[in-house]
Amino acid sequence: MTIFTTLCDIMTRQTLAIALLIPFLILTAYAVYDVGFIGIFEYQMLSSGGWQVFADLAIALILLWSFLVPHARDHGRNPWPWIVATAFVGVISPLVYLATTATSTATAPAEQT
C-alpha cells in the first residue's frame, strides 16, 4: 500500500463523514427544535417498533465504539471523549471523529518510514 493510496482512503473517509454529518446536523437541529432533545427519545418509547429502532441504534453505536477505541489509541487520541459524546449525541460524535481524524492519520505513514 502506497502513501498515495492511504491518503486517498483517508480523504474519502473524511469526505464521506463530512457529507453525512452536515445534513444529519441539520435534521437533528430541526428535530430538537420541533420536539426537544427528550422528545426524540420519548417518541421511540411509544411502540415496540420504536424500541426496536432504539435498540438497533444502540447496537450499531456499540459496534462503532469497537472500531473507534483501538483506532483512536493507535493514532494517539483519547477515545473517552468520543465515547461519552456518542452516548449523548449519537452518531454525530463518531462522524466528527472521522471528519477530524485525517490530519493525525495522514502523518502516520510518513513517521514510520
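Just so you know, these numbers come straight off a predicted model, no measurement behind them. (Residues numbered from 1 in each chain as written. Predicted model: local features only at pLDDT ≥ 70, side-chain atom pairs only at ≥ 80, totals over all residues. Heavy atoms only, no water.)

Let's shift gears to the overall build of the protein. On a plain count of helices and strands, the protein comes out with seven helices and zero strands. Moving toward the C terminus, one meets the helices and strands of the protein in the order α-α-α-α-α-α-α. When burial is assessed residue by residue, the protein has 27% of its 113 residues classed as buried. Within the protein, counting contacts between residues at least 6 apart in sequence, those at least 24 apart form 59% of the total. Working note: accessible area of the protein is about 7600 Å², and carbon and sulfur atoms make up 74% of it. (Helix = DSSP H or I, 4+ residues; strand = E, 2+ residues; numbered from the N terminus. Buried < 20%, exposed > 50% of the residue type's maximum accessible area, 1.4 Å probe, protein only. Contact = heavy atoms within 4.5 Å. Areas by Shrake-Rupley, 256 points an atom, 1.4 Å probe, with all protein chains shown as cover.)

What follows deals with the side chain of Thr-101. Tracing the backbone shows Thr-101 in the loop between helix 5 (92-100) and helix 6 (102-106). A polar atom in the side chain of Thr-101 sits 3.3 Å from the side chain of Arg-77. Among all residues touching Thr-101, those that are not within four sequence positions of it are Arg-13, His-71 and Arg-77. (Polar contact = N/O pair within 3.5 Å; in protein donor to acceptor, adjacent residues only side chain to side chain.)

Right, let's get into the confidence of the model for the protein. Here the protein shows a mean pLDDT of 84. Residues at 70 or above account for 80%. Low pLDDT, under 50, characterises residues 104-113; the stretch is placed with 10 contacts to residues that sit more than four places away or in other chains. (pLDDT = per-residue confidence, 0-100.)

The next point concerns the layout of surface pockets. In this structure, the largest pocket spans a volume of roughly 630 Å³. Around the largest pocket, the lining comprises 21 residues; the ones closest to its centre are Ile-40, Phe-41, Leu-57, Val-89 and Gly-90. Among the secondary structure elements, those contributing two or more residues to the lining of the largest pocket are helix 1 (3-35), helix 2 (37-44), helix 3 (48-74) and helix 4 (80-89). It is helix 3 that provides the largest number of residues to the lining of the largest pocket, a total of six residues. Classifying every residue of the lining of the largest pocket by side-chain character gives 17 nonpolar, four polar and no charged. (1 Å grid on protein atoms, 1.4 Å probe; cavity = no way out; pocket = protein on both sides within 12 Å on 5 of 7 lines; lining within 4 Å. Points joined across faces, edges and corners; volume = space filled by probe spheres on them. Nonpolar A, V, L, I, M, F, W, Y, C, P; charged D, E, K, R; others polar.)

The subject of this paragraph is the nonpolar core. Counting residues in hydrophobic clusters, the biggest one holds 10 residues: Ala-17, Leu-21, Leu-68, Ala-72, Trp-82, Ile-92, Leu-95, Tyr-97, Leu-98 and Ala-99. Of the residues forming this core, the biggest block, five residues, is contributed by helix 5. (Core = buried A, V, L, I, M, F, W, Y, C linked by side-chain atoms within 4.5 Å.)

Another point: helix 3. Look at helix 3: 39 Å from first C-alpha to last across 27 residues, which is about the 39 Å you get at 1.5 Å a residue. Along helix 3, the residues that are buried comprise Gly-50, Leu-61, Leu-68, Val-69, His-71 and Ala-72. In the stretch just after helix 3, Gly-76 is the one whose phi turns positive, near 70 degrees. (Expected span 1.5 Å × (residues − 1).)

Next up on the list: the packing of helix 4 against helix 5. Helix packing for two helices is described by the angle between their axes and how far apart those axes are. Contact geometry of helix 4 with helix 5 gives a least axis separation of 7 Å together with a crossing angle of 135 degrees. Taken together, the axes of helix 4 and helix 5 lie oblique to each other. Together, Trp-82, Ala-85, Thr-86 and Val-89 of helix 4 and Ile-92, Ser-93, Pro-94, Val-96, Tyr-97 and Thr-100 of helix 5 make up the contact between the two elements. Class assignment of the residues belonging to the contact of helix 4 with helix 5 gives a composition of seven nonpolar, three polar and no charged. (Axes fitted to C-alpha atoms, helices over the stretch in contact; angles between N-to-C directions. Parallel < 35°, antiparallel > 145°, perpendicular 65-115°, else oblique.)

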